[in-house]
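Chain and residue survey
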Amino acid sequence: MSADHTHTVPPEPRSHLPAGSARSGPYALRIDPARAGWAHAALRVLELPPGGTHSLDTGDCEWIVLPLSGGCTVHAEGEFFELRGREGVFGGATDFAYLPRDSHAQIASGAGGRFALAGAKCERRLPARYGPAPEVPVELRGSGGCSRQVNNFAAAGVFDCDRLIAVEVITPGGNWSSYPPHKHDEHVPGVESELEEIYYFEIDRGGTGFHQVSPSRPGGTELLVEVRGGDAVLVPDGWHGPSIAAPGRDMYYLNVMAGPGPREWLIRDHPDHGWIRDTWPDQPMDPRLPLRPGSRSDAPRHPGPAEEQG
């Protein structure tokens with residue numbers, strides 16, 4: 001009898017991945033491009049017990065190791081990076097490590113923790129580097145009920161990557177972020193970038209929030225879902241937002257983006273909702289922001305549409 005030549009077929013992509021639904025081995029969440037049904041953006045959430053170690057072959061992706069809770073050490077390319085990390089995602093910006101494609105890394109944590117691996121398929125092989133927490137630009141965006149805080153640790157123009165763009169957004173309870181709804185699913189030079197996007201959520205004290213994606217084209221992505229800690233949402237196309245934090249429950253999300261064009265972050269607002277930006281200069285920033293000590297308060301507060309995200 002001849003051998004049975006079977007092939008593993010990736011599961012059909014879904015836009016909403018509830019916590020645990022994309023678990024794989026040591027990863028509480030594993031989203032690779034094939035699993036997502038697209039070409040570039042990737043995200044893994046690594047859970048390490050006290051004294052735990054993990055080996056990572058980066059393959060054709062660049063990766064950033066970003067502590068969600070706890071600290072770790074990262075050995076790569078003959079370099080040793082000690083990441084102090086943080087108690088949790090609501091504890092301020094963290095340090096991080098960049099890993100180039102076609103390399104091998106060892107991640108270890110004495111006390112254990114949870115670590116996001118934000119990645120993107122890429123062409124250039126950049127050097128392994130350390131990103132210090134004090135150098136992460138922390139920005140306050142919107143105003144009033146649209147106030148939120150953005151940790152721009154790997155935003156375009158902030159930290160050099162080949163394809164990867166990644167930021168953290170913290171929304172105080174009761175506020176809306178990723179608002180007005182916006183999109184970046186086609187390449188329009190100087191106006192809009194083509195970027196795939198992953199949202200990874202954590203909610204303060206086990207609460208819930210809501211996230212919406214609406215179609216920007218016939219047959220496009222459509223989603224209105226309750227999100228909980230550990231959930232992820234895939235945005236291959238469409239107007240995404242709002243992300244709504246329930247009163248009394250702050251919302252965190254990690255945005256991971258990558259695309260085929262220039263590494264730019266250009267968006268287009270939904271034409272029915274873009275007017276909300278004009279109201280922001282007349283409203284105060286939410287006094288709860290910056291949410292935690294250590295945030296830089298000298299960052300711009302009302303970016304233009306081409307700079308806005310989260």
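Shown above is the structure to which this text applies.
Okay, so let's go over this structure. (Residues numbered from 1 in each chain as written. Predicted model: local features only at pLDDT ≥ 70, side-chain atom pairs only at ≥ 80, totals over all residues. Heavy atoms only, no water.)

What follows concerns the side chain of Ser-147. Relative to the helices and strands, Ser-147 resides in the loop between β11 (138-141) and β12 (148-154). Within the structure, Ser-147 has its side chain in polar contact with the backbone oxygen of Gly-144 (distance 2.8 Å). A distance of 3.0 Å separates a polar side-chain atom of Ser-147 from the backbone nitrogen of Asp-286. Among all residues touching Ser-147, those that are not within four sequence positions of it are Arg-141, Gly-142, Thr-171, Pro-172, Asn-175, Pro-284, Met-285, Asp-286 and Leu-289. (Helix = DSSP H or I, 4+ residues; strand = E, 2+ residues; numbered from the N terminus. Polar contact = N/O pair within 3.5 Å; in protein donor to acceptor, adjacent residues only side chain to side chain. Contact = heavy atoms within 4.5 Å.)

The tendency in soluble globular proteins is for nonpolar side chains to be buried side by side. The biggest cluster of nonpolar side chains holds 41 residues, and the ones touching the most others in it are Ile-64, Phe-153, Tyr-252 and Leu-254. If you tally residues by element for this core, the top one is strand β23 (residues 251-258), at 4 residues. (Core = buried A, V, L, I, M, F, W, Y, C linked by side-chain atoms within 4.5 Å. Buried < 20%, exposed > 50% of the residue type's maximum accessible area, 1.4 Å probe, protein only.)

A few words on the packing of aromatic side chains. Summed over all chains, the structure comprises 7 aromatic pairs. Residues Tyr-199 and Tyr-253 carry aromatic rings whose centres are separated by 4.9 Å and whose planes lie at 45 degrees to one another, so their mutual orientation is tilted. Of this pair, Tyr-199 sits in strand β18 (residues 196-203) while Tyr-253 sits in strand β23, and the two are 54 residues apart along the sequence. Comparing Tyr-199 with Tyr-253 shows no difference in burial state: the two are buried. (Phe/Tyr/Trp six-rings, centres within 6.5 Å; stacked < 30°, edge-to-face > 60°.)

The subject of this paragraph is the pattern of salt bridges. With the rule as written, the count across this model stands at 23 salt bridges. With its nearest N and O atoms 2.8 Å apart, the salt bridge here joins Arg-30 to Asp-32. Residue Arg-30 is classed as partly exposed on the basis of its relative accessible area of 29%. (Salt bridge = Lys/Arg side-chain N within 4 Å of Asp/Glu carboxyl O.)

Further remarks concern the pairing of strand β6 (residues 79-86). In terms of strand pairing, strand β5 (residues 61-76) meets β6 through 6 bridges, oriented antiparallel. For Ala-76, the partnering residue across the bridge sits in β6 and is Glu-79. The antiparallel pairing of β5 with β6 creates a hairpin that spans 2 residues between the two strands, and Glu-77 there sits at a positive phi of about 55 degrees. (Pairing = 2+ DSSP bridges.)

As a further point, take unusual backbone geometry. For the bond running from Tyr-179 to Pro-180, omega is 5 degrees, close enough to zero to count as cis. Structurally, Pro-180 is set in the loop between β14 (176-177) and β15 (182-183). In this structure, the amide linkage connecting Gly-241 to the following residue, Pro-242, adopts the cis form with an omega of 5 degrees. Mapped onto the elements, Pro-242 comes out in strand β22 (residues 239-245). For Glu-77, which is not glycine, the phi dihedral falls at a positive 55 degrees. Summarising the element assignment, Glu-77 is placed in the loop between β5 and β6. In this structure, Asp-102 takes a positive phi of about 55 degrees despite not being glycine. Along the chain, Asp-102 falls in the loop between β7 (96-99) and β8 (104-109). Residue classification places Asp-102 among the partly exposed positions, given a relative accessible area of 46%.

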